[in-house]
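Descriptive analysis of the structure
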Amino acid sequence: MLDEIGMQWDAREAKWQCALRRAGEYRAAHGDLTVPVNYKTEDGFCLGDWIRRMRESYAAHDARLTPERVENLSALGMVWTPAEAENQLHFWRACAILTPSE
């Protein structure tokens with residue numbers, strides 16, 4: 001019965017899914033996940049700090065950041081390392097140069 005009304009049995013997973021949803025909303029609004037570390041959502045969620053912690057977990061090979069979670073964030077365009085951010089910047093600049101303007 002509780003499953004039918006959407007009961008969340010794993011509070012940590014529910015919290016992570018909520019943060020992921022907020023990251024997706026930020027991505028939709030801003031086009032990327034280069035969230036300033038002090039950025040907070042309208043409801044006060046510290047999204048910038050959460051993104052920073054996800055990057056730190058990734059770099060530390062933290063088991064709590066499962067391959068599924070990495071995949072979810074990567075699908076949103078997560079930049080995991082400074083080198084990756086630099087590569088993406090060069091890629092988009094090259095695309096802008098090579099794309100004919102109208």
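Please read all numbers here as calculations on a predicted model, not as lab measurements.

1. Describing the overall build of the protein
The helix and strand tally for the protein stands at four helices and zero strands. Traced from its N-terminal end to its C-terminal end, the protein shows the element sequence α-α-α-α. Taking all 102 residues of the protein together, the buried fraction comes to 25%. Carbon together with sulfur atoms contributes 56% to the accessible area of the protein, which is approximately 7700 Å² in total.

2. A few points about the confidence of the model for the protein
Taken over all residues, the pLDDT of the protein has a mean of 84, while the share at 70 or more is 73%. Averaged pLDDT values for the elements of the protein fall to 65 in helix α4 (residues 82-98) and rise to 96 in helix α3 (residues 67-75).

3. A short note on the packing of helix α1 (residues 11-30) against helix α2 (residues 47-59)
The contact between α1 and α2 brings their axes to 11 Å, and the two run at 110°. As the angle between them shows, α1 and α2 are arranged roughly perpendicular. Packed against α1, whose contacting residues are Trp16, Ala19, Leu20, Arg22, Ala23 and Tyr26, the element α2 presents Leu47, Trp50, Ile51 and Met54 at the interface. Taken together, the residues of the contact of α1 with α2 sort by class into nine nonpolar, no polar and one charged.

How each quantity is defined
Residues numbered from 1 in each chain as written. Predicted model: local features only at pLDDT ≥ 70, side-chain atom pairs only at ≥ 80, totals over all residues. Heavy atoms only, no water. Helix = DSSP H or I, 4+ residues; strand = E, 2+ residues; numbered from the N terminus. Buried < 20%, exposed > 50% of the residue type's maximum accessible area, 1.4 Å probe, protein only. Areas by Shrake-Rupley, 256 points an atom, 1.4 Å probe, with all protein chains shown as cover. pLDDT = per-residue confidence, 0-100. Axes fitted to C-alpha atoms, helices over the stretch in contact; angles between N-to-C directions. Parallel < 35°, antiparallel > 145°, perpendicular 65-115°, else oblique. Contact = heavy atoms within 4.5 Å. Nonpolar A, V, L, I, M, F, W, Y, C, P; charged D, E, K, R; others polar.

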